[in-house]
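Summary of structural features
Listed here are the chains, written in short residue letters.
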Amino acid sequence: MKRILYLLLGIAATMGVASCAEDESFSSSRADVLTFSIDTVNLDTTFSNVPTPTKSMWVYNRTGKAIRCSSICLDGGNQEGFRVNVDGSYLGQTSGYQVHDVEIRKGDSIRVYVELTSPLQGAEGPQKILDHLLFNLESGVQQKLPLKAYSWDADLRRDGVKVEKDGELTLEGEKGEKGERKPIVIYGGIEVGEGATLTVTAGTTLYLHENAGINVYGKLLLEGTKDEPVTLRGDRIDNMFAYLPYDRTPGQWQGITLKSSSHDNEFNFADIHSAYNGVMVEAGEDAEQQPLVQKLKMTQSTIHNCQGYGLSVEYAKVQLENCQISNTLKNCLYVLGGDVDVNNCTFAQFYPFEGGRSTAISFKAPVKNLSVRNSLVTGYADDEVVWTPEEGKELNFNFDHCVLRTEEMTSDEYKDKFTLITYEDVKDTERFGEKNFVLIDTDNLKYDFRLSEKSAAIGWADKNTATKTDRYGKPRNKEKPDAGCFEHEEKEKKEE
């Protein structure tokens with residue numbers, strides 16, 4: 001009996017060894033190939049000599065047998081600047097940019113990580129960078145996985161930019177042979193010393209790294225034009241998702257702070273977006289001095305998509321004309337103790353990332369003066385204009401010829417501060433203030449705050465006080481100009 005038992009155990013052991021041997025066998029069939037989680041590793045657009053974020057993908061073995069790769073290697077070695085890690089093995093110089101005998105069992109997978117630091121391209125604009133990761137199977141099959149990116153030569157300021165006290169500096173994107181300006185990438189931020197002046201010329205774009213901001217103790221001049229605006233934005237030029245560039249998300253850089261010693265700053269045709277705070281205007285060195293220090297004049301400019309304030313003004317004198325301030329977690333415009341004059345501006349509060357967004361306009365006593373004319377103030381909330389009085393402190397403000405999403409003023413205390421106002425009907429069947437604009441696409445974070453056909457702002461401004469041109473320099477209707485920073489584009493009648 002024992003002999004039969006031993007015999008059966010021996011047979012079972014032999015079958016187990018055979019089974020293991022079968023599991024350990026590797027396919028030699030050319031029909032058995034690997035499957036990739038993506039067909040191309042796309043690293044989007046990057047600046048030359050700047051490392052990209054790491055991207056990863058999976059390599060699956062969905063055949064019925066194990067597969068061994070005799071080698072996995074970069075087709076171009078390291079000529080294009082791609083760096084690859086395969087299942088924990090780095091394809092570096094010491095290994096000849098390849099790894100050998102990589103085994104992938106049936107039903108199993110490995111992970112591949114890819115990043116890029118591309119060399120200078122010596123050409124204008126983004127240049128295509130292409131390499132292939134080669135999977136050489138023991139069967140003789142070679143599978144290619146494309147690695148793709150676009151590399152853009154830029155003026156890299158890795159140590160930041162500092163304008164010494166009483167000095168002057170001009171930042172201007174260098175023009176190539178075809179007239180395209182070279183981007184300027186700022187690490188470490190920009191500091192303008194007391195008494196110094198920094199001028200950013202027309203057509204220049206500053207790409208600021210995530211911890212970089214602009215601190216102005218002296219003077220900042222953004223000298224954009226209708227055809228060549230100045231743009232301040234983050235330095236991520238790749239995508240968060242296939243449909244979503246990082247440039248459409250807030251908090252990409254720190255924004256602009258006009259310090260207490262700063263004065264007479266001017267922003268013309270400027271686009272400031274995707275910052276933490278757009279522009280912070282600090283109180284003058286003597287906050288109670290009269291008159292208040294002239295801090296900022298901003299015309300035909302945009303502050304958009306901020307994780308903090310759009311424009312915050314404390315105890316300072318500021319003028320806004322033909323400006324758009326939109327989509328901010330905190331207020332689009334906040335005023336404390338200031339003297340602020342606003343004409344033909346659009347304040348649109350459709351910040352999509354948090355439900356606890358603040359109102360479009362907020363001001364708190366004391367306020368020396370807040371004058372808002374010919375403007376459009378709207379958003380998601382039923383009340384986008386709020387203020388906080390304080391006994392014994394001045395609160396001087398007025399709204400004239402505006403379209404406002406707020407409660408209609410009927411009280412004797414405040415009704416004389418609102419003249420010729422169109423109040424949005426918050427009970428309208430169309431949601432919120434979206435109907436005023438050409439496009440509010442929160443799914444794709446695309447916004448176009450030009451006026452739609454349905455906006456009550458069309459023809460509502462005062463022809464005697466409205467600006468002659470709009471945000472983009474388009475002439476306004478002389479008899480019935482529009483409220484807000486954009487003049488409505490009437491559809492031309494087709495000839496019969």
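What you see is a predicted model, and the numbers here were worked out from it, not measured in a lab.

The rules behind these values
- Residues numbered from 1 in each chain as written.
- Predicted model: local features only at pLDDT ≥ 70, side-chain atom pairs only at ≥ 80, totals over all residues.
- Heavy atoms only, no water.
- Helix = DSSP H or I, 4+ residues; strand = E, 2+ residues; numbered from the N terminus.
- Contact = heavy atoms within 4.5 Å.
- pLDDT = per-residue confidence, 0-100.
- Core = buried A, V, L, I, M, F, W, Y, C linked by side-chain atoms within 4.5 Å.
- Buried < 20%, exposed > 50% of the residue type's maximum accessible area, 1.4 Å probe, protein only.
- Patch = residues over 30% accessible without salt bridge, like charges linked within 9 Å, V, L, I, M, F, W, Y side chains within 5 Å.
- Areas by Shrake-Rupley, 256 points an atom, 1.4 Å probe, with all protein chains shown as cover.
- Salt bridge = Lys/Arg side-chain N within 4 Å of Asp/Glu carboxyl O.
- Pairing = 2+ DSSP bridges.
- Axes fitted to C-alpha atoms, helices over the stretch in contact; angles between N-to-C directions.
- 1 Å grid on protein atoms, 1.4 Å probe; cavity = no way out; pocket = protein on both sides within 12 Å on 5 of 7 lines; lining within 4 Å.
- Points joined across faces, edges and corners; volume = space filled by probe spheres on them.
- Nonpolar A, V, L, I, M, F, W, Y, C, P; charged D, E, K, R; others polar.
- Lys, Arg positive; Asp, Glu negative; His and termini not counted.
- Polar contact = N/O pair within 3.5 Å; in protein donor to acceptor, adjacent residues only side chain to side chain.
- Charge placed at Lys NZ, Arg CZ, Asp CG, Glu CD.
- Phe/Tyr/Trp six-rings, centres within 6.5 Å; stacked < 30°, edge-to-face > 60°.
- Lys NZ or Arg CZ within 6 Å of the ring centre and 35° of its normal.

Topic: the environment of Phe486
- By the secondary structure assignment, Phe486 is in the segment after strand E44 (446-451).
- Each C-alpha atom of the pair Phe486 and Arg236 lies 29 Å from the other, and the pair is 250 residues apart in sequence.
- Sequence-distant contacts of Phe486, defined by excluding residues within four places in its chain, comprise Gln324, Phe449, Arg450, Leu451, Asp470, Arg471, Tyr472 and Arg476.

Side note on the confidence of the model for the chain
- Looking at the chain as a whole, its pLDDT mean stands at 92, while 93% of the residues score no less than 70.
- Across residues 1-22, confidence stays below pLDDT 50; counting only partners more than four residues off in sequence or on other chains, it has zero contacts.
- Contacts from residues 491-496, a stretch scored under 50 in pLDDT, to residues over four places away or in other chains number one contact.

Points about the nonpolar core
- Within the largest apolar cluster, 65 residues are counted, with the highest numbers of intra-cluster contacts made by Ile256, Phe347, Phe363 and Phe399.
- Aside from chain neighbours lying at most four places away, what touches Phe347 is Leu320, Ile325, Cys332, Leu333, Val342, Ala360, Ile361, Leu376, Val377 and Thr378.
- One finds Val59, Cys69, Ile129 and Val141 within the second-largest nonpolar core, a separate group that totals 29 residues.

Regarding a nonpolar patch on the surface
- Together, Met240, Phe241 and Tyr243 make up an exposed nonpolar region whose accessible area comes to about 300 Å².
- By secondary structure assignment, the location of Met240 is in strand E21 (residues 239-241).
- For Met240, a relative accessible area of 34% gives the class partly exposed.

Focus: the sheet that holds strand E26 (residues 279-281)
- The parallel open sheet is built from nine strands, whose spatial order is E12-E15-E18-E23-E26-E29-E32-E35-E38. Since the sheet does not close on itself, it has two edges, and those belong to strand E12 (161-163) and strand E38 (385-388), each with one partner. If you compare each strand with its neighbour and ignore which way they point, the axes differ by 5° on average.
- Sheet analysis places E12 next to strand E15 (residues 190-192), joined by three bridges and oriented parallel. Within the sheet, the bridge partner assigned to Val163 lies in E15 and is Val192.

Observations regarding the pattern of salt bridges
- Applying the stated criterion to the full structure yields 20 salt bridges.
- Between Arg68 and Glu103 there is a salt bridge whose closest N-O contact spans 3.2 Å. On the criterion of sequence distance, the pair formed by Arg68 in strand E4 (residues 67-74) and Glu103 in strand E7 (residues 98-104) is long-range, its members being 35 residues apart.
- A salt bridge links Arg405 to Glu424; its shortest N-O distance comes to 2.9 Å.

What to know about the sheet that holds strand E19 (residues 219-223)
- Read from one edge to the other, the open sheet built from 10 strands follows the order E13-E16-E19-E24-E27-E30-E33-E36-E39-E41, with strand pairing classed as parallel. Where the open sheet ends on each side, the last strands, each with one partner, are strand E13 (168-171) and strand E41 (418-419).
- Relative to strand E27 (residues 294-299), strand E24 (residues 265-268) is paired through four bridges, and the arrangement is parallel. Counted as the bridge partner of Glu266 is Lys297 from E27.

So, the layout of surface pockets
- Of the voids in this model, the largest pocket is the one considered here, and its volume is about 390 Å³.
- Taken together, 20 residues line the largest pocket, and the ones lying closest to its centre are Asp271, Thr302, His304, Gln324 and Tyr447.
- Residue assignment for the lining of the largest pocket shows that the elements contributing at least two residues are strand E25 (270-273), strand E28 (302-306), strand E31 (324-328) and E44.
- With four residues, E44 is the single largest residue contributor to the lining of the largest pocket.
- Residues belonging to the lining of the largest pocket are distributed by class as follows: seven nonpolar, seven polar and six charged.
- A volume near 310 Å³ is recorded for the second largest pocket.

Regarding unusual backbone geometry
- Cis peptide bonds are those with omega within 30 degrees of zero, and the linkage from Ala365 to Pro366 qualifies with 5°.
- The backbone phi angle of Asn374 is positive, close to 55°, even though this residue is not glycine.
- Relative to the assigned elements, Asn374 resides in the loop between strand E36 (367-373) and strand E37 (376-379).

Describing the side chain of Asp441
- Looking at the secondary structure, you find Asp441 in strand E43 (residues 437-441).
- Among buried charged residues, Asp441 stands out as having no salt bridge; its nearest opposite-charge side chain is Lys446, 5.8 Å away.
- A polar atom in the side chain of Asp441 sits 3.3 Å from the backbone nitrogen of Asp443.
- A polar contact is formed between the side chain of Asp441 and the side chain of Asn444, at a distance of 3.0 Å.

Some details on a negative patch on the surface
- A cluster of acidic residues, Asp166, Glu194, Glu285 and Asp286, forms a negative patch on the protein surface.
- Along the chain, the position of Glu285 falls in the loop between E26 and E27.

Section: the packing of aromatic side chains
- Overall, the coordinates contain 22 aromatic pairs when judged by the stated rule.
- Ring centres of Tyr309 and Tyr334 lie 5.7 Å apart, and the angle between their planes is 35°; this geometry places the pair in the tilted category. Here Tyr309, found in the loop between E28 and strand E29 (311-314), pairs with Tyr334, found in strand E32 (residues 333-336); they are 25 residues apart in sequence, far enough to count as distant. Comparing Tyr309 with Tyr334, the two get one shared label, buried.
- Both rings, one in Phe399 and one in Phe418, keep their centres 5.2 Å apart while their planes meet at 0°; by these two values the pair is stacked. Of this pair, Phe399 sits in strand E39 (residues 395-400) while Phe418 sits in strand E41, placing them 19 residues apart in sequence.
- Positioned over the ring face of Phe26 is Arg68, at 3.9 Å from the centre of the ring.
- Here Arg236 stacks its cationic end above the ring of Tyr246, 3.8 Å away from the centre of that ring.

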